[in-house]
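# Secondary and tertiary structure notes
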Amino acid sequence: MQEVISPRKPAEDRPVPAGLLYGLRILVVAQAVGLIAAASFAGQAVRGGEALAETHVLAGMVVHLIALLQVVVAVMLWRPGRGAGWPVPASVGLFLVGMAQHFSWEALGTHVPSGLALFGMTVAVLVWAWSPGAAVRRS
């Protein structure tokens, strides 16, 4: 008797879509690089430099756009891709803290700590996205 082989594996045995996972990986790396650049420009602007302050704002806006794209890709990885769900609220949190950064630029008492929180959350998503567990489908 010949064994019937299913052309598709069960959902639990297949990895999440590679394109979505790599998209999230690229976005979170870009966000980390953008945050480092923005922090560098901010540090140099504090020492004096109007042009660097404007560059800091521009870098922050780029990071904010990347965070918005990251939310979209995280949702796509979670719902249709059957990946982990926690990167969605983390990405939304990154977007919202980035928005708060934009409006709190004059209050360094909140701007600097929230910038550190942004970087910490970004590193958490970055480490997870490049871990083998990121490719595992959830049931």
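So, here is what we can say about the structure in this document. (Residues numbered from 1 in each chain as written. Predicted model: local features only at pLDDT ≥ 70, side-chain atom pairs only at ≥ 80, totals over all residues. Heavy atoms only, no water.)

### Re the packing of aromatic side chains
In plain terms, the rule: The criterion for an aromatic pair is that two Phe, Tyr or Trp rings (for Trp, the six-membered ring) have centres within 6.5 Å, with stacked assigned to planes under 30 degrees apart, edge-to-face to planes over 60 apart and tilted to the rest. In our convention, an over-ring charge means Lys NZ or Arg CZ found within 6 Å of a ring centre and within 35 degrees of that ring's normal.
In total, this model carries 1 aromatic pair according to the counting rule given. The aromatic ring of Tyr22 is capped on one face by Arg25, whose charged end is 4.9 Å from the ring centroid. The ring of Trp130 has Arg25 lying over it, and the distance from NZ or CZ to the ring centre is 4.7 Å.

### Some remarks on the side chain of Thr122
Put simply, the test is: A run of DSSP states H or I qualifies as a helix once it reaches four residues; a run of E qualifies as a strand once it reaches two. Both are numbered from the N-terminal end. Summary of the burial criterion: residues with accessible area below 20% of their type's maximum are buried, those above 50% are exposed, and those between are partly exposed, where the area comes from a 1.4 Å probe applied to protein chains only. Whether two residues are in contact is decided by their heavy atoms, any of which lying within 4.5 Å being enough.
Structurally, the position occupied by Thr122 is in helix H4 (residues 108-129). Classification of Thr122 by relative accessible area gives buried; the value is 0%. Beyond its immediate sequence surroundings of up to four residues, Thr122 is in contact with Val28, Gln31, Ala32, Leu35 and Leu94.

### Concerning unusual backbone geometry
One non-glycine residue, Arg82, lies in the positive phi region at around 65°. Mapped onto the elements of the fold, Arg82 is located in the loop between helix H2 (50-78) and helix H3 (87-103).

### A look at the layout of surface pockets
Our working definition: Residues are called lining when one of their atoms sits within 4 Å of a cavity or pocket point, these points coming from a 1 Å grid over the protein atoms alone, where a cavity is a set in which a 1.4 Å probe fits but cannot get out and a pocket is an open set with protein on both sides within 12 Å along at least five of seven lines. Grid points are joined across faces, edges and corners, and a volume is the space filled by probe spheres set on the points. Residue polarity follows a fixed list, in which Ala, Val, Leu, Ile, Met, Phe, Trp, Tyr, Cys and Pro are nonpolar, Asp, Glu, Lys and Arg are charged, and the others, Gly among them, are polar.
Quantified by volume, the largest pocket comes out at close to 880 Å³. As for the largest pocket, its lining consists of 31 residues, of which Ala38, Ala42, His56, Gln101 and His111 are closest to the centre. Of all the elements in the fold, those that place two or more residues in the lining of the largest pocket are helix H1 (18-46), H2, H3 and H4. When residues in the lining of the largest pocket are grouped by element, the largest group, 9 residues, is from H1. Each residue belonging to the lining of the largest pocket can be placed in one class, and the counts come to 20 nonpolar, 10 polar and 1 charged.

These figures come from the coordinates and say nothing about function on their own.
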